[in-house]
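Residues per chain are reported as follows:
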Amino acid sequence: MKLYIIRHAEPDYVHDTITEKGKKEAALLGEYMKDKDIKAFYMSPMGRAMATCQATLDAMGREGEVREFLQEYMELRPGTTFPPKSWDDLLMHWDRMPLEWSSFEDAFNKDKWMDNPGYEGFEVRKHYEDVCGKFDELLLEHGYRREGYFYHPVEPNNDTIALYCHFGIGCVLLSHLLNISPVILWHSFGASPSSVTYLVTEEREEGTASWRML
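Reading the values: the criteria
- The written sequence of each chain sets the order in which its residues are numbered from 1.
- Only residues with pLDDT of at least 70 get local features here, since the model is predicted, and only at 80 or more are side-chain atom pairs given and counted; chain-wide, interface and lining totals rely on the full set of residues.
- Calculation of side-chain values draws on the structure's entire complement of heavy atoms; hydrogens and water are dropped beforehand.
- Strands are runs of DSSP state E lasting at least two residues, helices are runs of H or I lasting at least four, and both sets are numbered from the N terminus onward.
- What the globule rule says is 2.2 Å times the number of residues to the power 0.38, and the radius of gyration is computed from C-alpha atoms.
- The contact rule is simple, with two residues in contact once any of their heavy atoms fall within 4.5 Å.
- Residue exposure ignores everything except the shown protein chains as possible cover, and the areas themselves are Shrake-Rupley values with a 1.4 Å probe.
- By the counting rule applied here, Lys and Arg register as positive and Asp and Glu as negative, while His and the ends of each chain are not counted.
- Every charge is mapped to an atom, namely NZ of Lys, CZ of Arg, CG of Asp or CD of Glu.
- To form a nonpolar core, buried Ala, Val, Leu, Ile, Met, Phe, Trp, Tyr and Cys residues must be joined to one another through side-chain atoms within 4.5 Å.
- Note on classification: 1.4 Å probe, protein chains only; a residue is buried when its accessible area is under 20% of the maximum for its type, exposed when over 50%, partly exposed between these limits.
- Between the N-to-C directions of two axes lies an angle of 0 to 180 degrees, each axis being a line fitted to C-alpha atoms and, for a helix, fitted only over the stretch in contact.
- Here the word oblique covers every angle except those under 35 degrees (roughly parallel), over 145 (roughly antiparallel) and from 65 to 115 (roughly perpendicular).
- Side-chain classes are defined by residue name, with Ala, Val, Leu, Ile, Met, Phe, Trp, Tyr, Cys and Pro counting as nonpolar, Asp, Glu, Lys and Arg as charged, and the others, Gly among them, as polar.
- One speaks of a salt bridge when a side-chain nitrogen belonging to Lys or Arg is within 4 Å of a carboxyl oxygen belonging to Asp or Glu.
- A pair of strands is considered paired only if DSSP assigns at least 2 bridges between the two.
- Orienting the strands away from the viewer, one traces the path from the first strand over the helix to the second; a clockwise path indicates a right-handed crossover.

Visitor: Would you take a moment to explain the overall build of the protein chain for this structure?
Guide: A tally of helices and strands in the protein chain yields six helices and twelve strands. Its C-alpha atoms give the protein chain a radius of gyration of 17 Å, within 12% of the compact-globule value 17 Å for 214 residues. With the principal axes as the frame, the protein chain shows a C-alpha extent of 45 × 45 × 25 Å. Pairs at least 24 apart in sequence give 63% of the contacts found in the protein chain among residues at least 6 apart. Of the accessible surface of the protein chain, which amounts to about 11100 Å², a share of 50% is contributed by carbon and sulfur atoms. Mean positive and mean negative side-chain charge positions of the protein chain (23 and 36 charges, respectively) differ by 2 Å.

Set out below in structure tokens:
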């Protein structure tokens, strides 16, 4: 199985869409993707991801599906309501200063990173597990079931699926597939607007599939 995790084109955050430059990026991305054999397209419900994906869908004459769990990875601060009135109402897990996140040693631990005292008052563990659970449901729809650290190919295949989403959530998905803390990816990995991250399953042992980021 193959997987593309694609970040939206240059964003216009104020209007939740993409800029004029972003439209050009999205069009070029569509040209890049149109000759690829994509089984299914999934997109975040946020406007900037949908606009980016739509350029590819238009280039290929295809349709995509919105999946709520692909929206950007952030939480409302306690006492605030949705929709947020400003960025100050949100906790963006990936937007922390180096000395702040690195001072918590378990930030590097895939099971304990969410116990950071700086996340107190938020449902970080529940949020992360919910996203990963929804992601696994999607992968099972395409024939791969999570079992511990790896996946069982219930229906082995060479299908390719494409996810159009955001930097923060993209790192969460990668952390789940690669079994590492997302904090490492948030602060040591880069994904520019309209960039493409490509992964494949490696199935060297019968009944076991692991993910390799190419």
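Visitor: Explain the nonpolar core to me, please; I cannot follow it from the model alone.
Guide: Nonpolar side chains in soluble globular proteins tend to end up buried together. Ranked by size, the top nonpolar core spans 44 residues in total, and within it Leu3, Tyr73, Trp113, Leu163, Leu173 and Trp186 carry the most contacts. Not counting residues within four places of it along the chain, the set of residues in contact with Trp113 comprises Tyr73, Phe104, Asp106, Ala107, Tyr119, Val124, Tyr128, Ser181, Pro182, Val183 and Trp186. With twelve residues, the next largest nonpolar core counts Met33, Ile38, Phe41 and Met60 among its residues.

Visitor: Looking at this model, I keep getting lost on the packing of helix H4 (residues 124–141) against helix H5 (residues 167–178). Mind explaining?
Guide: Between H4 and H5, the shortest axis-to-axis distance is 10 Å and the interhelical angle comes to 70°. Classified by the angle their axes make, H4 and H5 are roughly perpendicular. Only Ile169, Val172, Leu173, Ser175, His176 and Leu177 of H5 make contact with H4, whose side of the interface consists of Tyr128, Val131, Cys132, Phe135, Asp136 and Leu139. Its residues assigned to classes, the contact of H4 with H5 comprises nine nonpolar, two polar and one charged.

Visitor: What is the right way to read the side chain of Asp136 from this model?
Guide: Note on placement: Asp136 falls in helix H4. Although Asp136 is buried, it makes no salt bridge; Arg146 carries the closest opposite charge, 4.6 Å away. Those residues in contact with Asp136, other than ones at most four positions away along the chain, are Tyr144, Arg146, Tyr151 and His176.

Visitor: I would appreciate a short explanation of unusual backbone geometry in the present structure.
Guide: Leaving glycine out, the prevailing phi sign among residues is negative, and the prevailing peptide bond configuration is trans. Unusually for a residue other than glycine, Asn179 sits at a positive phi of about 60°. Inspection of the secondary structure puts Asn179 in the loop between H5 and helix H6 (182–188).

Visitor: I keep staring at the pairing of strand S4 (residues 40–43) and nothing clicks. Help me out?
Guide: For a regular strand, side-chain orientation follows a simple rule: the groups alternate between the two sheet faces. The side-chain alternation of S4 yields two buried faces, one formed by Ala40 and Tyr42 and the other by Phe41 and Met43. In this sheet, strand S10 (residues 160–165) lies alongside S4 in parallel orientation, the contact comprising four bridges. Paired with Phe41 across the two strands is Ala162, which belongs to S10. Tracing the backbone out of S4, into helix H2 (residues 47–60) and back to the parallel element strand S5 (residues 65–66) gives a crossover that is right-handed.

Visitor: Would you take a moment to explain the pattern of salt bridges for this structure?
Guide: A pair can form between side chains of opposite charge whenever their charged atoms are brought close. Following the criterion strictly, the structure yields eleven salt bridges and no others. Among the salt bridges present, the one from Glu10 reaches Lys21, with a minimum N-O distance of 3.9 Å. Taken as a pair, Glu10 in the loop between strand S1 (2–7) and strand S2 (11–12) and Lys21 in helix H1 (residues 20–33) lie far apart in primary sequence, eleven residues in all. Using a relative accessible area of 25% as the deciding quantity, one classes Glu10 as partly exposed. On the accessibility criterion, Lys21 (48% relative accessible area) is partly exposed. With a shortest N-O distance of 2.9 Å, Arg48 and Asp16 are connected by a salt bridge. Taken as a pair, Arg48 in helix H2 and Asp16 in the loop between S2 and strand S3 (17–18) lie far apart in primary sequence, 32 residues in all.

Visitor: Looking at this structure, how should I read the pairing of strand S11 (residues 196–205)?
Guide: As paired elements, S1 and S11 share five bridges and run antiparallel to each other. Counted as the bridge partner of Ile6 is Val196 from S11. Inspection of the sheet shows S11 paired to strand S12 (residues 208–213) by five bridges, in the antiparallel sense. The partner of Glu205 across the bridge, within S12, is Thr208. Hairpin connection, S11 to S12: the antiparallel pair is bridged by two residues, and Gly207 has positive phi, about 85°.

Visitor: Whenever I open this one, the environment of Phe135 confuses me. Can you help?
Guide: Relative to the helices and strands, Phe135 is located in helix H4. Judged by relative accessible area, Phe135 falls into the buried class, the value being 0%. When sequence neighbours within four positions are dropped, the list of residues in contact with Phe135 reads Leu3, Phe69, Leu163, Leu173, His176 and Leu177.

By themselves, these figures tell us nothing about what the structure is for.
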